Amino acid sequence: MEFEDAPRYGGPQADEADDKAAKREELERKKAEVRKRLEESGKAGKKQKKGFLTPERKKKLRKLLMMKAAEDLKQQQLMKEQERQK
């Protein structure tokens with residue numbers, strides 16, 4: 001019949017089904033890629049996480065060391081001043 005080949009109101013149904021299947025396959029492929037990247041980064045992260053000293057901790061440690069050094073310097077200056085006075 002002539003009407004079987006003619007597109008329907010919403011367009012050919014076969015194209016819609018193909019488009020949906022293609023979109024679904026593309027989505028699944030992207031999900032698989034993301035899973036793979038997450039697994040690899042997780043494995044790499046565990047291997048690379050040997051250091052205890054993160055940049056934030058390193059910065060804090062430097063600050064504490066500088067404060068301690070400044071305090072020690074002040075104490076030494078006070079002791080020298082006291083010795084001079086004696």
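Refer to the structure above for everything that follows.
So, how was this worked out
- Residues numbered from 1 in each chain as written.
- Predicted model: local features only at pLDDT ≥ 70, side-chain atom pairs only at ≥ 80, totals over all residues.
- Heavy atoms only, no water.
- Helix = DSSP H or I, 4+ residues; strand = E, 2+ residues; numbered from the N terminus.
- Buried < 20%, exposed > 50% of the residue type's maximum accessible area, 1.4 Å probe, protein only.
- Areas by Shrake-Rupley, 256 points an atom, 1.4 Å probe, with all protein chains shown as cover.
- Salt bridge = Lys/Arg side-chain N within 4 Å of Asp/Glu carboxyl O.
- Patch = residues over 30% accessible without salt bridge, like charges linked within 9 Å, V, L, I, M, F, W, Y side chains within 5 Å.

**Let's talk about the overall build of the protein**
Scanning the protein from terminus to terminus reveals two helices and zero strands. Across the 86 residues of the protein, 1% fall into the buried class. Element-wise, carbon and sulfur atoms account for 55% of the exposed surface of the protein, whose accessible area totals about 9,300 Å².

**Describing the pattern of salt bridges**
Within the structure shown, the criterion is met by three salt bridges. One salt bridge connects Arg-29 with Glu-33, and the closest N-O pair in it is separated by 2.5 Å. Note that Arg-29 and Glu-33 are positioned in helix 1 (residues 13-48) at a spacing of four residues, about one turn of the helix. The partner of Lys-68 in a salt bridge is Asp-72, and the shortest N-O contact between them spans 3.8 Å. On the criterion of helical spacing, the pair formed by Lys-68 and Asp-72 is a turn pair, its members being four residues apart in helix 2 (residues 55-85). Three or more residues are tied together by salt bridges with common partners; here these are Glu-26, Arg-29 and Glu-33.

**A closer look at a nonpolar patch on the surface**
The grouping of Phe-52, Leu-53, Leu-61 and Leu-65 at the surface amounts to a nonpolar patch, some 430 Å² of accessible area in total. As for its placement among the helices and strands, Phe-52 is situated in the loop between helix 1 and helix 2. For Phe-52, a relative accessible area of 63% puts it in the exposed group.

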